[in-house]
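What follows is each chain in one-letter form.
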Amino acid sequence: MTWKDIQEIAIALDEAHPEIDPRYVRFTDLHRWVCELEDFDDDPEHSGEKILEAIQATWLEERE
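First, a word on what this report is: a plain description of the structure on this page. Just so you know, the residues in each chain are numbered from 1, in the order the chain's sequence is written. The model is predicted, so local features are restricted to residues of pLDDT at least 70 and side-chain atom pairs to those at 80 or more, both for listing and for counting; the totals for chains, interfaces and linings are taken over all residues. The side-chain numbers reported here are obtained from all heavy atoms of the structure, hydrogens and water having been left aside.

1. Digging into a negative patch on the surface
What counts is decided by this rule: Nonpolar side chains (Val, Leu, Ile, Met, Phe, Trp, Tyr) within 5 Å and like charges within 9 Å form the patches, drawn only from residues with over 30% relative accessible area and no salt bridge. Using a 1.4 Å probe, the Shrake-Rupley method yields the accessible areas, and only the shown protein chains count as cover for residues. The working definition used for a salt bridge is a side-chain nitrogen of Lys or Arg within 4 Å of a carboxyl oxygen of Asp or Glu. This count recognises Lys and Arg as positive and Asp and Glu as negative, with His and chain-terminal groups excluded. By convention, charge coordinates are those of NZ in Lys, CZ in Arg, CG in Asp, or CD in Glu. Every helix listed is a DSSP run of H or I at least four residues long, and every strand listed is a run of E at least two residues long, numbered separately from the N terminus. Burial status follows relative accessibility: with a 1.4 Å probe on protein chains alone, a residue under 20% of its type maximum counts as buried, one over 50% as exposed, and anything between as partly exposed.
On the surface, Glu15, Glu61, Glu62 and Glu64 cluster together into a negatively charged patch. On the secondary structure map, glutamate 62 appears in helix 3 (residues 49-63). In this structure glutamate 62 comes out as partly exposed when scored by relative accessible area, which is 31%.

2. Comments concerning the side chain of histidine 17
Cut-off, in case you're wondering: The contact criterion used throughout is that any non-hydrogen atoms of two residues lie within 4.5 Å.
Structurally, the position occupied by histidine 17 is in the loop between helix 1 (6-16) and helix 2 (27-36). The class of histidine 17 is buried, set by a relative accessible area of 14%. With sequence-adjacent residues up to four places away left out, histidine 17 is seen in contact with Trp33, Trp59 and Arg63.

3. Structural notes on the environment of aspartate 39
Tracing the backbone shows aspartate 39 in the loop between helix 2 and helix 3. Classification of aspartate 39 by relative accessible area gives exposed; the value is 54%.

4. Examining the packing of aromatic side chains
Definition in use: The rule is short: rings of Phe, Tyr and Trp, with Trp giving its six-membered ring, pair when the centres are within 6.5 Å, and they are stacked under 30 degrees, edge-to-face over 60, tilted in between.
Under the defined criterion, the tally for this structure stands at two aromatic pairs. Relative to tryptophan 59, the ring of tryptophan 33 lies with its centre 6.4 Å away and its plane at 75°, an arrangement referred to as edge-to-face. Of this pair, tryptophan 33 sits in helix 2 while tryptophan 59 sits in helix 3, and the two are 26 residues apart along the sequence.

5. A word on the nonpolar core
Inclusion rule: To define a nonpolar core, start from buried Ala, Val, Leu, Ile, Met, Phe, Trp, Tyr and Cys residues and group those joined through side-chain atoms within 4.5 Å.
Core analysis: the biggest nonpolar cluster contains 16 residues, and Ile9, Leu13, Leu30, Val34, Ile55 and Trp59 have the highest contact counts within it. Counting only elements with at least two residues in this core, the list comes to helix 1, helix 2 and helix 3. The element best represented in this core is helix 1, accounting for five residues. If near-sequence neighbours (up to four positions away) are discounted, leucine 30 is found in contact with Leu13, Val25, Leu52, Ile55, Gln56 and Trp59.

6. Structural notes on the environment of isoleucine 6
For isoleucine 6, the position within the fold is in helix 1. According to the relative accessible area criterion, isoleucine 6 is buried, its value standing at 19%. The sequence separation of isoleucine 6 and glutamine 56 amounts to 50 residues, and the corresponding C-alpha distance is 9.1 Å. Setting aside chain neighbours within four positions, we find isoleucine 6 in contact with Ile51, Ala54, Ile55 and Thr58.

Below, the structure is given as structure tokens:
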């Protein structure tokens with residue numbers, strides 16, 4: 001999984017952190033949680049605010 005796999009990341013985060021409301025996640029925590037995902041294999045430096053926003057929005061959609 002890489003930073004481009006927004007949907008897969010959102011699903012994995014939802015499974016890994018079911019108690020978390022994605023609306024209130026700080027980007028620093030979101031970045032760390034993505035990097036900690038078992039199947040994630042990309043350079044941590046290749047993310048940015050736009051990617052993290054997309055992950056957060058997709059995670060919210062997964063919850064609805």
